Amino acid sequence: MPAIGVSVDGRPLAMISGQLSGVATDPETIAPLRVGLAAGLHRLTITRGASSLLAPGSGGSAILNSIFLTPVGAGGQATLHVTPAARWRSLCGARLEWIEVVPS
């Protein structure tokens, strides 16, 4: 897929490209992008880079399906925990709001 730029308030966070796996029924999810924000309004910008129809792999299309915004754990807010797949049993009995399996 062509590169997709992610920025907040004009500050670049990441360029995402080469995401080839995933289909509409099983989308690929990238690792979280962390950014510190002050209270107030912010502008999230997603830009799609130019692609050349002659470059290998650039003839396809990519769909940005969802963006998840989550607060960092502070003062009783939810916290993102990343658990290696080999340690999945450690999640048993835990009170979790959401579990997502992300291929490595």
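Quick caveat: nothing in here was measured; it's all calculated off a predicted structure.

Calculation rules
- Residues numbered from 1 in each chain as written.
- Predicted model: local features only at pLDDT ≥ 70, side-chain atom pairs only at ≥ 80, totals over all residues.
- Heavy atoms only, no water.
- Pairing = 2+ DSSP bridges.
- Helix = DSSP H or I, 4+ residues; strand = E, 2+ residues; numbered from the N terminus.
- Buried < 20%, exposed > 50% of the residue type's maximum accessible area, 1.4 Å probe, protein only.
- Contact = heavy atoms within 4.5 Å.

Undergrad: Is there a simple way to explain the pairing of strand β2 (residues 11–16) in this structure?
TA: A regular strand places its side chains on the two faces of the sheet in alternate fashion. Bridge count between strand β1 (residues 4–8) and β2: five bridges; the pairing is antiparallel. Within β2, the position partnered with valine 6 by the bridge is alanine 14. Turn length for the β1-β2 hairpin, with the two strands adjacent in sequence and antiparallel, is two residues, and the turn residue aspartate 9 shows positive phi of about 55 degrees.

Undergrad: How do you make sense of the environment of valine 6 when you look at a structure like this?
TA: Along the chain, valine 6 turns up in strand β1. Classification of valine 6 by relative accessible area gives buried; the value is 11%. Considered as a pair, valine 6 and isoleucine 16 are 10 residues apart in the sequence and their alpha carbons are 7.9 Å apart. Setting aside anything within four residues of it in sequence, one finds valine 6 in contact with Arg11, Pro12, Leu13, Ala14, Ile16, Leu33, Leu44, Thr45 and Ile46.

Keep in mind these numbers describe shape, not what the thing actually does.
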